[in-house]
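Residues per chain, in single letters:
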Amino acid sequence: GNSVTQMEGPVTLSEEAFLTINCTYTATGYPSLFWYVQYPGEGLQLLLKATKADDKGSNKGFEATYRKETTSFHLEKGSVQVSDSAVYFCALGSTGGFKTIFGAGTRLFVKA
Amino acid sequence: SQTIHQWPATLVQPVGSPLSLECTVEGTSNPNLYWYRQAAGRGLQLLFYSVGIGQISSEVPQNLSASRPQDRQFILSSKKLLLSDSGFYLCAWRVGTAGYGYTFGSGTRLTVV
């Protein structure tokens, strides 16, 4: 079945550091891939998505590229800010299906 | 514009008491609706989803139930809460299937004591 694996946290970085959160997936067919962000005490927000191989999703300085050959969708940001401290979830959704598969989440702490 | 409302934001309930959480969506028709639970420090567990009025698909054992009495209303219920029901409950909607992203509500923090 479909699954998503993302790196365990927490990840602790200093402000302006480079961020990578790894995400790999297992799926049949051609799923859409997503990154969601959850700030403390809030619901999840869609951060970015990609719907086909080699697509790059981007938003708020974050980027992720859909790599079918490595079945990966790693989240990157060139310079993190304290306000980026949150939990990040990688997710997979199969076109035509009704369920989205979420990774376990990676908590990011950014220090000033 | 499309919005999703979820309430209450916080709830403390004794073991054995009933539960009713409500979620409504505005600005769209025939959304697919979802209830998720997030235990402390954990990932998301899909509880129920609905693709239409009166249509509920269950993903979990039955101490919880869901209903969709109207197109844009989704209710999560329990007749008798357990300690293990504590968690952060999230309602979400999307138009279309899993190739589209969700819009989540702000969540209900439930503590069963």
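Residues numbered from 1 in each chain as written. Chains lettered and ligands numbered in written order. Predicted model: local features only at pLDDT ≥ 70, side-chain atom pairs only at ≥ 80, totals over all residues. Heavy atoms only, no water.

Chemist: Would you mind going over the overall build of chain B with me for this structure?
Modeler: The helix and strand tally for chain B stands at zero helices and 11 strands. Secondary structure elements of chain B, listed N to C terminal, follow the sequence β-β-β-β-β-β-β-β-β-β-β. Its C-alpha atoms give chain B a radius of gyration of 13 Å, near enough to 13 Å, the size a compact globule of 113 residues would have. Summarising its shape, the C-alpha atoms of chain B cover approximately 35 × 25 × 20 Å along the three principal directions. When burial is assessed residue by residue, chain B has 50% of its 113 residues classed as buried. Partitioning the contacts of chain B with sequence separation of at least 6, the portion at a separation of at least 24 is 54%. As presented, chain B carries roughly 5,100 Å² of accessible surface, and 52% of it is formed by carbon and sulfur atoms. The averaged location of the 5 negative side-chain charges in chain B is 7 Å from the averaged location of its 8 positive side-chain charges. (Helix = DSSP H or I, 4+ residues; strand = E, 2+ residues; numbered from the N terminus. Rg over C-alpha atoms; globule rule 2.2 N^0.38 Å. Buried < 20%, exposed > 50% of the residue type's maximum accessible area, 1.4 Å probe, protein only. Contact = heavy atoms within 4.5 Å. Areas by Shrake-Rupley, 256 points an atom, 1.4 Å probe, with all protein chains shown as cover. Lys, Arg positive; Asp, Glu negative; His and termini not counted. Charge placed at Lys NZ, Arg CZ, Asp CG, Glu CD.)

Chemist: Sorry, what's going on with the pattern of salt bridges here?
Modeler: If charged atoms from side chains of opposite charge come close, those side chains can pair. Residues and elements named next belong to chain A. In the structure shown here, the tally under the stated rule is six salt bridges over all chains. The residue Asp-55 makes a salt bridge to Lys-52 at a minimum N-O spacing of 3.3 Å. Since its relative accessible area comes to 51%, Lys-52 is described here as exposed. The shortest N-O distance in the salt bridge between Glu-63 and Lys-56 comes to 3.6 Å. With relative accessibility at 34%, the residue Glu-63 sits in the partly exposed group. (Salt bridge = Lys/Arg side-chain N within 4 Å of Asp/Glu carboxyl O.)

Chemist: Quick question: what am I supposed to make of the environment of A:Glu15 here?
Modeler: Residues and elements named next belong to chain A. On the secondary structure map, Glu-15 appears in the loop between strand 2 (11-14) and strand 3 (19-21). Note on Glu-15: relative accessible area 34%, which makes it partly exposed. Sequence spacing of Glu-15 and Val-82 is 67 residues, and the spatial spacing of their C-alpha atoms is 6.2 Å.

Chemist: Hey, could you run me through the sheet that holds strand 7 (residues 56-59) of chain A in this one?
Modeler: Picture the strands of a sheet paired through backbone hydrogen bonds; they go either parallel or antiparallel. All names here are of chain A. Strand order in the open sheet made by the four strands is 3-9-8-7, with antiparallel pairing throughout. This sheet does not close on itself; its edge strands, each paired only once, are strand 3 and strand 7. Taken over all neighbouring pairs, the strand axes of this sheet differ in orientation by 15 degrees on average, direction set aside. Two strands pair when backbone bridges link them, and strand 8 (residues 62-65) and strand 9 (residues 75-77) are joined in this way by three bridges, in the antiparallel orientation. (Pairing = 2+ DSSP bridges. Axes fitted to C-alpha atoms, helices over the stretch in contact; angles between N-to-C directions.)

Chemist: Even after reading the chapter, I still don't get the state of the cysteines, so can you show me in this structure?
Modeler: Two cysteines, two sulfur atoms, one covalent bond between them: this is a disulfide. Inspection of every chain in the model, using the stated rule, returns two disulfides over all chains. Disulfide partner of A:Cys23: A:Cys90, at an S-S distance of 1.9 Å. Because the torsion about its S-S bond is -70 degrees, the bridge between A:Cys23 and A:Cys90 counts as left-handed. Note that A:Cys23 is positioned in strand 4 (residues 23-26) and A:Cys90 in strand 10 (residues 86-93), a separation of 67 residues in sequence. One exposure class covers both A:Cys23 and A:Cys90, and it is buried. Across the disulfide from B:Cys23 sits B:Cys91; the S-S distance is 2.0 Å. Torsion about the S-S bond of the B:Cys23 and B:Cys91 cystine: about -75 degrees, corresponding to left-handed handedness. Note that B:Cys23 is positioned in strand 3 (residues 19-26) and B:Cys91 in strand 9 (residues 87-94), a separation of 68 residues in sequence. Of the two residues, B:Cys23 and B:Cys91, both sit in the buried class. (Disulfide = S-S within 2.5 Å.)

Chemist: Can you help me understand the nonpolar core in this one?
Modeler: Side chains that are nonpolar tend, in soluble globular proteins, to be buried together. Residue and element names in this part refer to chain A. In terms of nonpolar packing, the biggest core is built from 26 residues, with Trp-35, Leu-47, Leu-48, Phe-73, Leu-75 and Tyr-88 touching the most fellow members. When contributions to this core are tallied by element, the ones reaching two or more residues are strand 2, strand 3, strand 4, strand 5 (32-38), strand 6 (44-50), strand 8, strand 10 and strand 12 (106-111). No other element matches strand 10, which puts four residues into this core. Excluding residues within four positions of it along the chain, Leu-47 makes contact with Trp-35, Tyr-36, Val-37, Asn-59, Lys-60, Phe-62, Leu-75 and Tyr-88. (Core = buried A, V, L, I, M, F, W, Y, C linked by side-chain atoms within 4.5 Å.)

Chemist: When you look at the packing of aromatic side chains in this model, what are you seeing that I'm missing?
Modeler: To describe a pair of aromatic rings, one takes the distance between the centres and the angle between the planes. What the rule picks out here adds up to 16 aromatic pairs over all chains. Seen in terms of ring centroids, A:Tyr36 and B:Phe104 are 5.7 Å apart; in terms of plane orientation they differ by 90 degrees. Their pairing is edge-to-face. Pair noted here: A:Tyr36 is in strand 5 and B:Phe104 is in strand 10 (residues 103-104), and the two residues belong to different chains. As far as the burial class goes, A:Tyr36 and B:Phe104 line up, both buried. (Phe/Tyr/Trp six-rings, centres within 6.5 Å; stacked < 30°, edge-to-face > 60°.)

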